[in-house]
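Observations on the model geometry
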Amino acid sequence: MIIDKLRRQAAPSDVEQAVNRREKPYMLIIYPSLIVTILFMLPFLWGIYLTFTDFRLGAAQTNFNWFENYWSVMTSSNFLRAAWRTTQFTLITISIELGLAFALSIMMNTETIMAKVMRRIISFPLMIAPILATLALKLMLNNKFGVVNYLLSFFGKEDFPWGASPDTSMFTVILVDVWIFTPFMVLIILAGLRSLPKDPMEAASVDGASKNNILFRITMPILMPTILVAVIFRFIDCIKAFDVIWGMTAGGPGDSTTVFSIFGYVLSFSSMDIAKGNTVLVIVWLINMFLGTKLIKFWQASKDRIGG
Amino acid sequence: MKHTREELKIIRSIKRSMQPLSVGKRILVNLGLFVAFLFFIGPILWIVLMSFKTQSQITSWPPSIFSSFTLENYASIFSRLGGAAVETTKDMLMQKKVEKFVQALINTAFLSVSSVAISLVVGVPAAYGLSRFKTKSKESLAMMFMSFRFVPELMTIIPLYLIYQKVGLYGTTFGLVWVYILISLPMIIWISRIGFDELPYDLEQAALLDGYGKAKAFFKIVLPLAKPGIAASVVLSFIYAWNNFLFGFILSSSDNQPVTVAILGFYDITGLNYGRISAAIVLAILPAIIVSQVACKHLVSGLSMGAVKR
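All figures in this text were calculated on a predicted structure; none of them were measured in a lab.

Our next topic: the overall build of chain B. When its secondary structure is counted, chain B shows 15 helices and 0 strands. Counting only residues that meet the buried cut, chain B has 47% of its 310 residues in that class. Restricting the contact set of chain B to residue pairs at least 6 apart, pairs at least 24 apart contribute 73%. For chain B, the exposed surface amounts to about 16,000 Å²; the carbon and sulfur share of it is 67%.

Right, let's talk about the side chain of Ser302(A) for a bit. All names here are of chain A. On the secondary structure map, Ser302 appears in helix 15 (residues 274–305). For Ser302, a relative accessible area of 3% puts it in the buried group. Those residues in contact with Ser302, other than ones at most four positions away along the chain, are Met224, Pro225 and Leu228.

What follows is about the side chain of Asp177(A). Residue and element names in this part refer to chain A. Summarising the element assignment, Asp177 is placed in helix 10 (residues 169–194). Judged by relative accessible area, which is 3%, Asp177 ranks as buried. The contact partners of Asp177, leaving out residues within four places of it in the chain, are Phe89, Thr93, Glu97, Thr182, Arg234, Cys238 and Val244.

The subject of this paragraph is the interface of chain B and chain A. Counting from both sides, the interface comprises 84 residues of chain B and, opposite them, 92 residues of chain A. Joining chain B to chain A, the criterion identifies 2 salt bridges. The partner of Lys240(A) in a salt bridge is Glu153(B), with the nearest N and O atoms 3.2 Å apart. Our count for the chain B to chain A interface comes out at 10 residue pairs in polar contact (both at pLDDT 80 or more). Looking at the side of chain B that touches chain A residue by residue, the class counts come to 62 nonpolar, 12 polar and 10 charged.

Moving on: the nonpolar core. Core analysis: the largest hydrophobic core is formed by 178 residues, its most contacted members being Phe89(A), Met118(A), Leu33(B), Phe101(B), Phe196(B) and Ile263(B). Per element, the largest residue contribution to this core is 14 residues, and it comes from helix 10 of chain A. The residues that make up this core include at least three from each of domain 1 (13–50) and domain 2 (73–305) of chain A. Excluding anything up to four places from it in sequence, Phe101(B) contacts Ile77(B), Val259(B), Ile263(B), Phe266(B), Ala280(B), Leu283(B) and Ala284(B).

Residue and element names in this part refer to chain A. By the assigned domains, chain A splits into domain 1 (13–50) and domain 2 (73–305). Placing the centre of domain 1 and that of domain 2 at their C-alpha centroids yields a distance of 34 Å. In this complex, domain 1 contributes 4 residues to the contact, which on the side of domain 2 involves 5 residues. On the domain 1 side of the contact with domain 2, Phe44, Ile48 and Leu50 bury the most area, a combined 81% of that side's loss. Our count for the contact surface shared by domain 1 and domain 2 stands at 0 salt bridges. On the surface where domain 1 and domain 2 come into contact, there are 1 residue pair in polar contact (both at pLDDT 80 or more). Classifying every residue of the side of domain 1 that touches domain 2 by side-chain character gives 3 nonpolar, 1 polar and no charged.

Residue and element names in this part refer to chain A. For the coordinates displayed, the defined rule picks out 10 salt bridges over all chains. Arg234 serves as the salt-bridge partner of Asp177, at 2.8 Å between the closest nitrogen and oxygen. On the criterion of sequence distance, the pair formed by Asp177 in helix 10 and Arg234 in helix 12 (residues 211–239) is long-range, its members being 57 residues apart. In this pair, the class of Asp177 matches that of Arg234, namely buried.

We now examine the packing of helix 14 (residues 260–269) of chain A against helix 15 of chain A. Residue and element names in this part refer to chain A. Two numbers describe how helix 14 lies on helix 15: the axes approach to 6 Å, and their chain directions differ by 160 degrees. Considered as vectors, helix 14 and helix 15 are oriented roughly antiparallel to each other. Of the two elements, helix 14 crosses helix 15, and the hand of that crossing is left-handed. Here Phe260, Ser261, Phe263, Gly264, Leu267 and Ser268 of helix 14 lie close against helix 15, whose contacting residues are Ile274, Lys276, Gly277, Asn278, Val280, Leu281, Val284 and Ile287.

Counted under the stated rule, the structure contains 33 aromatic pairs over all chains. For the pair Phe242(A) and Phe249(B), a centre-to-centre distance of 6.5 Å together with 45 degrees between the ring planes defines the contact as tilted. Taken as a pair, Phe242(A) in the loop between helix 12 and helix 13 (243–248) and Phe249(B) in helix 13 (residues 246–251) lie in two separate chains rather than in one. Owing to a relative accessible area of 4%, Phe242(A) belongs among the buried residues under this scheme. Among the aromatic side chains, those forming a connected cluster through ring pairs are Phe242(A), Trp246(A), Tyr265(A), Phe269(A), Tyr161(B), Tyr170(B), Phe245(B) and Phe249(B). The cationic tip of Arg234(A) hangs over the ring face of Phe181(A); the distance from NZ or CZ to the ring centre is 3.8 Å.

Let us now look at the UniProt feature "transmembrane region" (unreviewed entry) in chain A. Residue and element names in this part refer to chain A. When the UniProt feature table is mapped onto this chain numbering, "transmembrane region" (unreviewed entry) sits at residues 28–49, 89–109, 121–141, 170–193, 214–236 and 277–296. Annotated as residues 89–109, this span is 95% helix and 0% strand, and its ends, taken at the C-alpha atoms, are 29 Å apart. Here residues 214–236 runs as 100% helix and 0% strand, with 31 Å between its end C-alpha atoms.

So, on to the UniProt feature "transmembrane region" (unreviewed entry) in chain B. All names here are of chain B. The positions UniProt marks with the feature "transmembrane region" (unreviewed entry) are residues 27–52, 101–129, 141–164, 176–196, 217–242 and 277–300. Secondary structure content for residues 101–129 is 100% helix and 0% strand, and the end C-alpha separation is 41 Å. Helix makes up 96% of residues 217–242 and strand makes up 0%, while its end C-alpha atoms are separated by 34 Å.

Residues and elements named next belong to chain B. As for its placement among the helices and strands, Ile118 is situated in helix 6 (residues 89–132). Look at Ile118 and you get partly exposed, because its relative accessible area is 38%. Ile118 sits 81 residues away from Phe37 along the chain, and the two C-alpha atoms are 38 Å apart. Ile118 has contacts with Val177 and Ile181, leaving out every residue within four places of it along the chain.

About the thresholds
- Residues numbered from 1 in each chain as written.
- Chains lettered and ligands numbered in written order.
- Predicted model: local features only at pLDDT ≥ 70, side-chain atom pairs only at ≥ 80, totals over all residues.
- Heavy atoms only, no water.
- Helix = DSSP H or I, 4+ residues; strand = E, 2+ residues; numbered from the N terminus.
- Buried < 20%, exposed > 50% of the residue type's maximum accessible area, 1.4 Å probe, protein only.
- Contact = heavy atoms within 4.5 Å.
- Areas by Shrake-Rupley, 256 points an atom, 1.4 Å probe, with all protein chains shown as cover.
- Salt bridge = Lys/Arg side-chain N within 4 Å of Asp/Glu carboxyl O.
- Polar contact = N/O pair within 3.5 Å; in protein donor to acceptor, adjacent residues only side chain to side chain.
- Nonpolar A, V, L, I, M, F, W, Y, C, P; charged D, E, K, R; others polar.
- Core = buried A, V, L, I, M, F, W, Y, C linked by side-chain atoms within 4.5 Å.
- Domains from an automatic or database assignment.
- Buried area = accessible area lost by both parts, 1.4 Å probe.
- Axes fitted to C-alpha atoms, helices over the stretch in contact; angles between N-to-C directions.
- Parallel < 35°, antiparallel > 145°, perpendicular 65-115°, else oblique.
- Left-handed = near helix turned anticlockwise from the far one by under 90°.
- Phe/Tyr/Trp six-rings, centres within 6.5 Å; stacked < 30°, edge-to-face > 60°.
- Lys NZ or Arg CZ within 6 Å of the ring centre and 35° of its normal.
- UniProt positions renumbered as here; feature names shortened; annotations may be inferred.

In structure tokens, the structure reads:
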């Protein structure tokens, strides 16, 4: 009996053989792959096909258009303005969120009372549906009875129009996004801070390095991959942002907050020009792919620099 | 016991590195975090507060914190405006929206639970397969999932909108559940798979040596130990599904809509009752917050219970 067991152990495990035989695992992956393919890939590919036509809802027939949609979209001033809005939104939002999150993470890495409290509840804004958070904040940013405006009245700014004026709408929308998603960055950066190895820092301080030096030359590079993960996620999400902006201003007074996704939506459902709307979205996808993969390469390089 | 000089030096330096911050620094940190608390958590508290006020108190200026406490907002949501006379069309519209809201809560619950359940049944075995499947192309799989994120949701929703209309699934719960599965399935597979990766292959080998079949080994040995990972994926995808806006916005009918869309509807009427909206928002965000808090505690205990001696 024992000999049988030993013999089995010595021979290449038939379990491993079965796995490598690609039977069962292959089968298990088939169903979800099918679902994802049907629900996602097919509409996705059809959507791309539509951008090469002049498809309109309720039109008699659809003609193949080649790149006419792309050309007319990319040369339209509306598109360029949407591009500018999206760039504004993305860059400013990420800078603010990164700075805030970094400062907060450092403070929350201590053992003070507030740090312990905040560690528990910092994720709350994130648990709320972005659209609901936006609508809730909208109630408070109202210039007739909003509590925030009341607080501002102490500074004489009680009629700050927030989302109602084209001058302040972009600022408002950025503020809302910062409120919702800074905790996201905090969670990631805080996790990174807490898993930092102590040895390099200690070795450096024993060797006589100043605190600033340690921070910038040792802590930062080790943290860089973590920071980049947070930035990459947010970057991609900001470029295709829809919920927050739609809830707050639906594109803003005029088009002051019309970013790419909202532009695509408006083209598809207000102007009924689905082909053009989808064209905008395909362009967003391509931008995301291009910049996203560049950022990911950057991230991999930063990982390699600290030894993976 | 007596320490040598060397030992004393080491002990002292360890103690120094474990020193709490100086008083001044602690005050600064506490202050800064308190401001952060006001900024991030303040609005949530304010909305909860507003849900317990009457309309007149909310619109009064300056807004007060503790003017009075009333449950009428919540009561009206659950009891169809009770005895209040429905005089103007504004009131009638409001009442309709309120009735729709409770329906929307049920809808969202149904959508989230069913899509996550189906994704579990289909996805966990797939995650297991992915985890045990020896293949060289694992990195490219990861990249593929990442690339799904690049796509703006609207880009798949619009064609789905057209397809659904043709197929007759537009505005149906069945159609909505399918789309919600699209959100939860990848997440469940991805995170459960990480949970499975943590478990060494020795487990199944030991079970098989003891005479278990492959399926039995999976269900009786691997699955219980993978519970933390699977639980994490369930929590995350449930919250994601609950909070989803875009799918319901475009693909649902007014009977089907999730709360995220229903509350947006509240804002279309002028002169609306802000107290009631606040109450509705509180009810809409409660499940996600409860699930996340409860799950956190469970996850922590689950992780320590599932430890495998390596």
